[in-house]
Amino acid sequence: ISNVLVSRSATSLDGAVVYYSTSTGNTETVAQYIADAAGGLDIVDIGDASDDEIKGFDGLIIGAPTWHTGADEQRSGTSWDDFLYDNLPGIDVEGKTVAVFGMGDQEGYGDNY
């Protein structure tokens with residue numbers, strides 16, 4: 001019987017960043033937990049990020065609050081609103097690895113959760 005070495009492939013997060021925006025601080029806190037668990041990634045409020053900076057990363061971890069203002073557009077009341085409507089349409093994310101985490105508040109926003 002021969003011994004077979006099975007290698008496991010790993011995903012590198014060297015070219016990744018955690019972007020977030022927050023109303024109460026909870027999304028920022030969880031963004032930091034994720035960044036630390038992933039080996040010390042940077043966390044950046046999406047309102048402070050430039051389009052060129054975003055384009056430069058291979059991996060994007062995105063954190064969004066569940067905050068809902070009741071508006072039809074720009075409902076979160078955070079920097080994500082401007083980014084999603086003004087910046088994202090002009091950024092090519094093809095080929096990037098993207099992960100999204102949401103805070104979730106099914107009690108306060110059950111109709112929108």
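Placed above this text is the structure.
Worth saying up front: this structure is predicted, and the values here are computed from it rather than measured.

Visitor: Mind showing me how you'd approach the overall build of the protein here?
Guide: The number of helices and strands found in the protein is 3 helices and 4 strands. Listing the helices and strands of the protein from first to last along the sequence gives β-α-β-α-β-α-β. Taking the intrachain contacts of the protein between residues at least 6 apart in sequence as the baseline, contacts between residues at least 24 apart amount to 71%.

Visitor: Looking at this structure, how should I read the nonpolar core?
Guide: Across soluble globular proteins, you tend to see nonpolar side chains buried next to one another. Among the nonpolar cores identified, the biggest contains 11 residues, and these are Val17, Tyr19, Val44, Ile46, Ala49, Ile54, Leu60, Ile62, Trp80, Phe83 and Ile91. Those elements giving two or more residues to this core turn out to be β1 (16-20), β3 (59-64) and α3 (79-87). The contact partners of alanine 49, leaving out residues within four places of it in the chain, are Tyr19, Val44 and Ile54.

Visitor: Would you take a moment to explain the packing of aromatic side chains for this structure?
Guide: Describing an aromatic ring pair means giving the distance of the ring centres and the angle of the ring planes. Applying the stated rule across the entire model yields 2 aromatic pairs. For the pair tyrosine 19 and phenylalanine 57, a centre-to-centre distance of 6.4 Å together with 85° between the ring planes defines the contact as edge-to-face. In this pair, tyrosine 19 sits in strand β1 while phenylalanine 57 sits in the loop between α2 (51-55) and β3, placing the two residues 38 residues apart along the sequence. For the pair tryptophan 80 and phenylalanine 83, a centre-to-centre distance of 5.5 Å together with 75° between the ring planes defines the contact as edge-to-face. Residue tryptophan 80 and its partner phenylalanine 83 are both found in helix α3; the two are separated by 3 residues, about one turn of the helix. Residue classification places phenylalanine 83 among the buried residues on the basis of a relative accessible area of 8%.

Visitor: I keep staring at the sheet that holds strand β2 (residues 43-45) and nothing clicks. Help me out?
Guide: Strands belonging to one sheet form pairs held by backbone hydrogen bonds; the direction of such a pair is parallel or antiparallel. Pairing is parallel across the open sheet formed by 4 strands, whose spatial order is β2-β1-β3-β4. A strand with exactly one partner marks an edge of an open sheet, and here the two such strands are β2 and β4 (97-102). Each neighbouring strand pair of the sheet contributes to a mean axis angle of 25°, computed without reference to strand direction. Inspection of the sheet shows β1 paired to β3 by 5 bridges, in the parallel sense. Looking across to β3, one finds that alanine 16 is bridged to glycine 59. Across the face of the sheet, helix α1 (residues 26-37) comes into contact with β1, β2, β3 and β4 while running at roughly 170° to β1. Packed onto the sheet, α3 meets β1, β2 and β3 and runs at close to 130° relative to β3.

Calculation criteria
Residues numbered from 1 in each chain as written. Predicted model: local features only at pLDDT ≥ 70, side-chain atom pairs only at ≥ 80, totals over all residues. Heavy atoms only, no water. Helix = DSSP H or I, 4+ residues; strand = E, 2+ residues; numbered from the N terminus. Contact = heavy atoms within 4.5 Å. Core = buried A, V, L, I, M, F, W, Y, C linked by side-chain atoms within 4.5 Å. Buried < 20%, exposed > 50% of the residue type's maximum accessible area, 1.4 Å probe, protein only. Phe/Tyr/Trp six-rings, centres within 6.5 Å; stacked < 30°, edge-to-face > 60°. Pairing = 2+ DSSP bridges. Axes fitted to C-alpha atoms, helices over the stretch in contact; angles between N-to-C directions.

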